[in-house]
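# Examination of the molecular architecture
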Amino acid sequence: MTKFMDFRLRSRELMSGFIVSTVVAAAACFLSEHYGAPVMLFALLLGMGLNFLSSESQCKAGIEFTARTVLRIGIALLGMRITLGQITALGWQPIVLVITLVIVTVSVSVITAKILGFKKLFGMLTGGATAICGASAALALSAAFPQHPQKEKATLFTVIGVSALSTLAMIIYPMIARWLELSPQQAGVFLGATIHDVAQVVGAGYSMSPETGDTATVVKLMRVAMLLPVIICAAMITRMQGGDATGKHPPLLPWFAVGFLILACINSTGWVPSMLQQGVNELSKWCLVIAISALGMKTQLKELASVGIKPILLMLGETIFLVVLVLLLMHWMF
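What you are looking at is a predicted structure, and each value in this text was computed from that prediction instead of being measured.

Parameters and conventions
Residues numbered from 1 in each chain as written. Predicted model: local features only at pLDDT ≥ 70, side-chain atom pairs only at ≥ 80, totals over all residues. Heavy atoms only, no water. Helix = DSSP H or I, 4+ residues; strand = E, 2+ residues; numbered from the N terminus. Contact = heavy atoms within 4.5 Å. Polar contact = N/O pair within 3.5 Å; in protein donor to acceptor, adjacent residues only side chain to side chain. Buried < 20%, exposed > 50% of the residue type's maximum accessible area, 1.4 Å probe, protein only. Axes fitted to C-alpha atoms, helices over the stretch in contact; angles between N-to-C directions. Parallel < 35°, antiparallel > 145°, perpendicular 65-115°, else oblique. Left-handed = near helix turned anticlockwise from the far one by under 90°. Nonpolar A, V, L, I, M, F, W, Y, C, P; charged D, E, K, R; others polar.

## Overview of the overall build of the protein chain
- Secondary structure summary: the protein chain contains 15 helices and zero strands in total.
- Across the protein chain, contacts joining residues at least 24 apart in sequence account for 79% of those joining residues at least 6 apart.

Put into structure tokens, the structure is as follows:
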């Protein structure tokens, strides 16, 4: 009885912040559908407009819970997007290309971040977002990092950066593919390997042809699959560096990474009905949008404005580097 009462009290404490985050997420989805901009970007901006709520006792706990736990649930559910069959269907070349681009891009980002005076983890955050799956990767890597006063600010900056760059890429990269006279399959590999977010990959790919769209989507999902090993590497690095501000060490394999792997394996069996798969994917999307709304509420715009020019140049440089690297790898492999 005591546990039930504690659960009820805890639920009441969290409900206000969660409901506010959900309303902001719904508004962001509405604006995204009607104006075509990334939903994550709308969720962040709307959330930052309500940042005063995170300092009020009635909403603070729920916003903290949403930004942390709901985020991890959404990341775990991303595993339902991929299957081993999708990854192996295109042959060995795209697999080698994706593994190479992720390793090289993240490594170069970490080194460049250190040269520019940032922490290695910031380079891993921006490099992972660029190399893997945009905002989703940024949120997943941030969740694997230990608590730090600057972590949320860095995460939000990265999400805004990759969302803006991904939108530009959706417009510009198909023109590059046509200019280079790439075949439909080559164009699909190029778009899937370079554009940050899944939605923009789908939009760019199918704007060229159905074959290009199918290939781009599968290559992009290969990049999503790289999320798990990168999260494990991030956890290992943070453990070697010591605990967070509270003295706690992050787990070597976070529970949301385990959930991601389990769902990917279940989805690979082919036993999951398409309706259930679509439902889980939609739930994952909503969890991430709700969580990013809560993260926005925890951040003030003036804090993001103070980041300076170096982080912007870092992310822009990572994006250009990724395009050049993919084109070079395609020239050697295809």
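## Remarks on the side chain of H196
- Note on placement: H196 falls in the loop between α8 (184–194) and α9 (198–208).
- At 3.3 Å, the side chain of H196 and the side chain of T319 are in polar contact.
- Not counting the four nearest positions on each side in its chain, H196 is found in contact with A129, T130, I132, C133, G134, V162, L165, S166, K220, R223 and T319.

## Focus: the environment of C133
- Residue placement: C133 occurs in helix α6 (residues 120–144).
- Under the relative-accessibility criterion, C133 is labelled buried at 3%.
- With 65 residues separating them in the primary sequence, C133 and V198 have C-alpha atoms 6.7 Å apart.
- Not counting chain neighbours up to four residues away, the residues in contact with C133 comprise G128, H196, D197, K220 and V224.

## Looking at the packing of helix α5 (residues 92–115) against helix α10 (residues 210–225)
- In the contact formed by α5 and α10, the axes pass within 10 Å of each other and the chain directions differ by 45 degrees. One finds that α5 runs oblique with respect to α10. Here α5 runs over α10; the crossing is right-handed. Residues P94, I95, V98 and L101 of α5 form the contact with α10, whose participating residues are V219, M222 and R223.
- Across the contact of α5 with α10, the residue classes break down as six nonpolar, no polar and one charged.

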